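Architecture at a glance
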Amino acid sequence: MENESVKSEHSGRSRRSRNHNNNGGGGGGGGSGGGGSVNNGYHRERDRSRHSHRSTHSSKSGKGIQRGDMAPYQTSVNMTDGSHDGQEVIEVQILPQDENWGENTTAVTGNTSEQSISMEDINNMWHRESDKGFGFACRRYVESTFYFLLGCGAFFSPVAMVVMPYVGFFPSAFDHPEITQTVRTQLLACSEQCKGQLVSLAARLLLLAIGLWAVFMRRTSATMPRIFLYRALVLLLVTICTFAYWLFYIVQVTNGAKIVVETGGDAVDYKSLVGYATNFVDTLLFIHYVAVVLLELRHQQPSYYIKIIRSPDGVSRSYMLGQLSIQRAAVWVLQHYYVDFPIFNPYLERIPISVSKSQRNKISNSFKYYEVDGVSNSQQQSQSRAVLAANARRRDSSHNERFYEEHEYERRVKKRRARLITAAEEAFTHIKRIHNEPAPALPLDPQEAASAVFPSMARALQKYLRVTRQQPRHTFESILKHLAHCLKHDLSPRAFLEPYLTESPVMQSEKERRWVQSWSLICDEIVSRPIGNECTFQLIQNDVSLMVTVHKLPHFNLAEEVVDPKSNKFVLKLNSETSV
């Protein structure tokens, strides 16, 4: 598209220059104006035919046909038989670009089959829910809010059980008309033993509050696709115990007055209610202990060995893992991925080679051989065999080319790295911190000092980032801000160059520092089930995929062997050639 427009512009300029020269020459001839006009018309027709000849070779379209489904800015040729001196008039037209040409482009490859799918199907297959929508917010916060409300209800239930009789929440129990004032006072009385139980209840509630804050009051690290079984089990126990204690509490309190009036038996007094609430707190403490064992301690013991392989660059890591479900193991893998793996650079998938070598390869691969004179079939077969043999030799030597390209690239990187370190050390020597002493010039703040010293090492840093393909990850503003930060805290030149010389971990990249990271979990089993031997699952995010394989650690059988102390005696063997 751009080449076509450039060629058209150059050809127009050449025509104008030739027309100007011809007109000038005719004027200089003094009477050759007619001849100059003829030559001018001849040159115009010749340039037009040349331009149409290039267009016909590039488009290869039919004569007299203007197609509307051609590629954007493709030329169409209309050839008509005009009356201009019996010559052929060729009109070249550049078709306009369609706005949606990228969506309508069809790529034809040799890997076609009946099972092929389009990119739209792939996008629909790996479609993830947006991390900024209302559905994601509901999944992330509504579940946590429900757990928080359930926990608060269970925690404040013993307090409510103790306070409600004094507030008068059960008038039928303590304000019955047939109950005397003396009996009512005895039921609501709290002796020294009852007060001691209240103090014990307050202390237990304090311990339970600290335990709940330490284990449950924290931000969730991940939103899982399925339910967390152990956490659901703990919440189910809390719900059942709360419901059961409240049910017996209400029945005992409301039936207390009926027992006193009808049977004359002993009613449930306030001391018994305080003891009942204390028992409820003890039950909650035991449930909290079970939650700590299931959620925090059970997976601490290593039971499995997992290997993580990142595609497409093939970087791998190995870890030991305890008893976890598949979805929790996936969260554990991602937490270690962002702090242990190097940054994935898609621009280094193909080793960058020098420009001269790439041009030389293009030139060597762009030769086409034509036989002008007629040749026999045997000669054609021999030539084709020679071409195939040359291609086979080129394929056999591809590993050598890769070896030398990698070696050359490593040499260039080391060379740029040495230049960058030297330039940074020289630039830092021009900066000196002032400690309450008179300065020869106006002192600079860290930002101004960074702006003043950065140009001396900007070229070396730019070349290093270019050869390591890190330009998209570091902007000029971020580099200048980092340099000002290093000058403010008196960091060394090596400390300043650390983000550019070291490409790990993943969280070092500013593009990965997002509040929410969306990944797709793929597994043949239900992800809420625990991991087992030979279990595999995959995590996908855009072009990066993590393949995780789980293997069970073997059982180690250790046998003790006792060494006889008498065997720790030695004899020196000497011969005539031994030097002692």
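Throughout what follows, the structure given in this document is the object of discussion. (Residues numbered from 1 in each chain as written. Predicted model: local features only at pLDDT ≥ 70, side-chain atom pairs only at ≥ 80, totals over all residues. Heavy atoms only, no water.)

Quick look at the nonpolar core
Counting residues in each nonpolar core, the largest one holds 29 residues, and the members touching the most others are Ile306, Val333, Tyr337, Trp519, Phe537, Leu539 and Leu546. Sorting the residues of this core by element identifies strand E3 (304-311), strand E4 (316-321), helix H12 (326-340), strand E6 (535-541) and strand E7 (544-552) as the ones contributing at least two each. The element contributing the most residues to this core is H12, with 8 residues. Apart from the residues lying within four places of it in its own chain, the contact partners of Leu539 are Ala330, Val333, Leu334, Trp519, Ser520, Leu521, Val544, Ser545 and Leu546. Counting residues in each nonpolar core, the second largest holds 28 residues, with Val413, Ala423, Phe454 and Leu497 among its members. (Core = buried A, V, L, I, M, F, W, Y, C linked by side-chain atoms within 4.5 Å. Buried < 20%, exposed > 50% of the residue type's maximum accessible area, 1.4 Å probe, protein only. Helix = DSSP H or I, 4+ residues; strand = E, 2+ residues; numbered from the N terminus. Contact = heavy atoms within 4.5 Å.)

Some words on the packing of helix H15 (residues 398-428) against helix H17 (residues 455-467)
Packing of H15 against H17 brings their axes to within 9 Å, and their N-to-C directions diverge by 155 degrees. In terms of orientation, H15 and H17 fall into the roughly antiparallel class. Pair H15 / H17 crosses with left-handed handedness. Packed against H15, whose contacting residues are Tyr409, Arg412, Val413, Arg416, Arg417, Arg419, Leu420, Ala423, Ala424, Ala427 and Phe428, the element H17 presents Ser456, Met457, Ala460, Leu461, Lys463, Tyr464 and Val467 at the interface. Each residue belonging to the contact of H15 with H17 can be placed in one class, and the counts come to 12 nonpolar, 1 polar and 5 charged. (Axes fitted to C-alpha atoms, helices over the stretch in contact; angles between N-to-C directions. Parallel < 35°, antiparallel > 145°, perpendicular 65-115°, else oblique. Left-handed = near helix turned anticlockwise from the far one by under 90°. Nonpolar A, V, L, I, M, F, W, Y, C, P; charged D, E, K, R; others polar.)

Topic: a nonpolar patch on the surface
On the surface, a cluster of nonpolar side chains totalling about 690 Å² of accessible area is made up of Leu233, Leu236, Leu237, Ile240, Tyr289, Val290, Val293 and Leu297. Checked against the element boundaries, Val293 lands in helix H11 (residues 270-297). (Patch = residues over 30% accessible without salt bridge, like charges linked within 9 Å, V, L, I, M, F, W, Y side chains within 5 Å. Areas by Shrake-Rupley, 256 points an atom, 1.4 Å probe, with all protein chains shown as cover. Salt bridge = Lys/Arg side-chain N within 4 Å of Asp/Glu carboxyl O.)

Side note on the packing of aromatic side chains
Summed over the entire model, instances satisfying the criterion amount to 15 aromatic pairs. Aromatic pair Phe146 and Tyr147: ring centres 6.0 Å apart, planes at 55 degrees, arrangement tilted. Ring geometry for Phe454 and Phe476: centres 5.6 Å apart, planes at 65 degrees, overall edge-to-face. One end of the pair, Phe454, is in the loop between helix H16 (446-453) and H17; the other, Phe476, is in helix H18 (residues 476-488), with 22 residues separating them in the sequence. Assessed through its relative accessible area of 8%, Phe454 is described here as buried. Above the face of the Phe341 ring, Arg317 is positioned so that its terminal group lies 5.3 Å from the ring centre. In this structure, Lys552 is placed above the aromatic ring of Tyr304, and the distance from its NZ or CZ to the ring centre is 5.0 Å. (Phe/Tyr/Trp six-rings, centres within 6.5 Å; stacked < 30°, edge-to-face > 60°. Lys NZ or Arg CZ within 6 Å of the ring centre and 35° of its normal.)

Observations concerning H15
Taking 1.5 Å of rise per residue, 31 residues should cover 45 Å, and H15 covers 45 Å from first to last C-alpha, within 8% of that figure. Those residues of H15 that fall on the buried side of the exposure criterion are Glu405, Tyr409, Val413, Leu420, Ile421, Ala423, Ala424, Ala427 and Phe428. (Expected span 1.5 Å × (residues − 1).)

Some words on the pairing of E4
Alignment of E3 against E4, held across 6 bridges, turns out to be antiparallel. Bridge pairing in E4 places Tyr305 opposite Met320. Counted between consecutive antiparallel strands, the loop separating E3 from E4 contains 4 residues, among which Gly314 sits at a positive phi close to 80 degrees. (Pairing = 2+ DSSP bridges.)

Things to note about the sheet that holds E7
Reading across the sheet, the 5 strands line up as E4-E3-E7-E6-E5 and stay open at both edges, with antiparallel pairing between neighbours. In the strand order of this sheet, the two ends are held by E4 and strand E5 (520-523), each with one partner. The average undirected angle you get between the axes of adjacent strands in this sheet is 20 degrees.

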